[in-house]
Amino acid sequence: MAKKNKRVRPAARLPKGFRDIEAAELRATQAMLAAIRETYERYGFEGLETPAFEYTDALGKFLPDSDRPNEGVFSLQDEDERWMSLRYDLTAPLARYVAENYDKLPKPFRRFATGTVWRNEKPGPGRFRQFTQFDADTVGTQSVAADAEICMLAADTMEALGIGRGEYQIRVNSRKVLDGVLEGIGIDPADAGGAKRLTILRAVDKLDRLGAEGVSLLLGGGRKDESGDFTSGAGLEADAISRVLSFVEAGAEKGTDTLNAIAALVENSETGREGVAELRQMQELFEAAGYADERVRIDPSIVRGLDYYTGPVFEAELTFEVNDEKGRPVRFGSVGGGGRYDDLVARFTGQSVPATGFSIGVSRLQAALAALGRVETNAASGPVVVLVMDRSELPRYQRMAGDLRAAGVRAEMYLGTSGMKAQMKYADKRGAPCVIIQGSDERESGEVQIKDLIEGAKAAQSIADNKEWKESRPAQVSVPEADLVEEVKKIIARHC
């Protein structure tokens, strides 16, 4: 007799580089997004939502990881055999939107956007292929006042999220100044499509993670990481490497001192001098508005890794340290960045449209806030659970849950078939602030029992034996059924 073919079941596993996000984190994320949105709107930015997919040719050469399959993005073909890609940031879709709608938009056009982005990059600890960004951009003005305003917006956003002064810094540089340095070592940024320039930019962008020694290797012949993977370098000679490192390490405490130092390094480059002049204008604006040096600082080590930036660039860096679960110090570093990108819209229209913007990495910033203990964790965040003591009275229990919902309280009737002990465990797992209990005795007397699970858990830690527990009936009250909603609201308010 032939054996039956064994059914092959798919493995329940996450795709590599992705993660599930559960309710508590989702609530914290939404609260954080609301605070960011409020700050952006206060500056006059308006919301815009673009699709997750764009035609791949609309993304062009401005891709995050051109050394990997699919050019660093996830792509597929539509029914017309045109390639589409999941957006890797929110800036490229903005450029397409502006190009399509340019004539009807106010100039400057100020928009914010938040959403998921995807990158087909090598995942690692804390580095995922899907994450959330929150952007603000000003399109249609060449004024460096727009760049300075974006930096001030970034600073105000950090503080709106509970990150105090001295715990963050918005760091500012200019691609024009770096191009001036490259000209000084004999590299034309436009040569060979700017490939060597981009390799240098991406090397310097890793300074905070790899240090001067690691960046020096990437500027030279290349570097092998801890896993054994080798990254080709820019092929610079030792003297050129030294001059690049001298520039990126020229930062001082005062912005004016930094500007004087880097001005001397690019005095023979028209592009470099132009970049320094723009940074000086921004520094004056920071000083006038009370943002200079402590909140926003000129820092030559900031270059940003993407190729589309054309002028000032900036990063939001967290400066505090916390300890991980093993007691080791952890510094979060950059949680957002951006810059001026004057050529992105011109790819579609041939018309120069200046633009500048800033993007927050929401997940990384939220992890930092959690480490600081500044993520709101509302102990009463779960729903009130109405226990089912008698299945013949389901309509009665459902009415209780309905009365609570009508009063604005999150509530549910237990929908399983288990007994009271299992129902209590269920309520604990749901994070319920309290449960509603009405058996036959309570029903006959027109009352309900309300058990405060949060206070009950606290009391349980201090009660020595089961007898004492039963005698004290901690955090459990009996109230008339008509007072159910009012009493539940009191309990929730106590724990909010």
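Small disclaimer: the values here were computed from a predicted structure and weren't measured.

Each value, and the rule that gives it
- Residues numbered from 1 in each chain as written.
- Predicted model: local features only at pLDDT ≥ 70, side-chain atom pairs only at ≥ 80, totals over all residues.
- Heavy atoms only, no water.
- Helix = DSSP H or I, 4+ residues; strand = E, 2+ residues; numbered from the N terminus.
- Expected span 1.5 Å × (residues − 1).
- Buried < 20%, exposed > 50% of the residue type's maximum accessible area, 1.4 Å probe, protein only.
- Arc of directions from axis to C-beta.
- Polar contact = N/O pair within 3.5 Å; in protein donor to acceptor, adjacent residues only side chain to side chain.
- Pairing = 2+ DSSP bridges.
- Axes fitted to C-alpha atoms, helices over the stretch in contact; angles between N-to-C directions.
- pLDDT = per-residue confidence, 0-100.
- Contact = heavy atoms within 4.5 Å.

Participant: Quick rundown of helix H13 (residues 394-406)? Include the residues and the values.
Facilitator: With 13 residues, H13 ought to run about 18 Å at 1.5 Å a step, and its terminal C-alpha atoms sit 18 Å apart, in line with that. Inspection of H13 places Tyr-397, Met-400, Ala-401 and Leu-404 among the buried residues, and these make up the whole buried set. Each buried residue of H13 lies within a common arc of 95° when the element is viewed along its axis, so the set occupies one face. Those residues of H13 that are exposed and aimed more than 90 degrees away from the buried face are Pro-395 and Ala-406.

Participant: Which residues make up the side chain of Gln-449, and what values do they have?
Facilitator: By secondary structure assignment, the location of Gln-449 is in strand E17 (residues 447-452). The buried category is assigned to Gln-449, whose relative accessible area is 11%. At 3.4 Å, the side chain of Gln-449 forms a polar contact with the side chain of Gln-476.

Participant: Any details on the sheet that holds strand E4 (residues 83-86)? Residues and values, ideally.
Facilitator: Strand order in the open sheet formed by three strands is E2-E4-E3, with antiparallel pairing between adjacent strands. A single partner strand is all that each edge strand has here, and the edge strands are strand E2 (53-55) and strand E3 (75-77). On average, each strand axis in the sheet is tilted by 35° relative to the strand beside it, whichever way the strands run. Sheet topology note: the E2/E4 ladder contains three bridges and is antiparallel. Looking at E4, one finds that Glu-54 is bridged to Ser-85.

Participant: Give me the lowdown on the confidence of the model for the chain, citing residues and values where you can.
Facilitator: Overall, the prediction assigns the chain a mean pLDDT of 87, with 89% of residues at 70 or greater. Across the chain, helix H4 (residues 144-160) holds the top mean pLDDT of 97, while helix H17 (residues 466-472) sits lowest at 54. Per-residue pLDDT stays below 50 along residues 62-69; that stretch engages in 27 contacts with residues further than four places along the chain or on separate chains.

Participant: Mind laying out the environment of Cys-151, listing which residues take part and the relevant values?
Facilitator: With respect to the secondary-structure elements, Cys-151 resides in helix H4. Put simply, Cys-151 and Gly-338 are 187 residues apart on the chain and 9.2 Å apart in space, counted from C-alpha to C-alpha. Not counting the four nearest positions on each side in its chain, Cys-151 is found in contact with Ile-170, Val-172, Met-282, Phe-286, Val-296 and Phe-314.

Participant: Tell me about helix H1 (residues 23-42), and name the residues and values.
Facilitator: Across its 20 residues, H1 extends 29 Å between first and last C-alpha, which sits within 8% of the 28 Å expected from 1.5 Å per residue. Of the residues making up H1, those classed as buried are Ala-28, Thr-29, Met-32, Leu-33, Ala-35, Ile-36, Thr-39 and Tyr-40. Mapping the buried residues of H1 onto a view down its axis gives an arc of 160°, with all of them on the same face. Residues of H1 that are exposed and angled more than 90 degrees away from the buried face: Gln-30, Glu-38 and Arg-42. In the core, the buried residues of H1 are packed alongside strand E5 (109-118), strand E6 (130-139), H4, strand E13 (355-361) and helix H12 (362-371). Of the residues trailing H1, Gly-44 is marked for its positive phi of about 95°.

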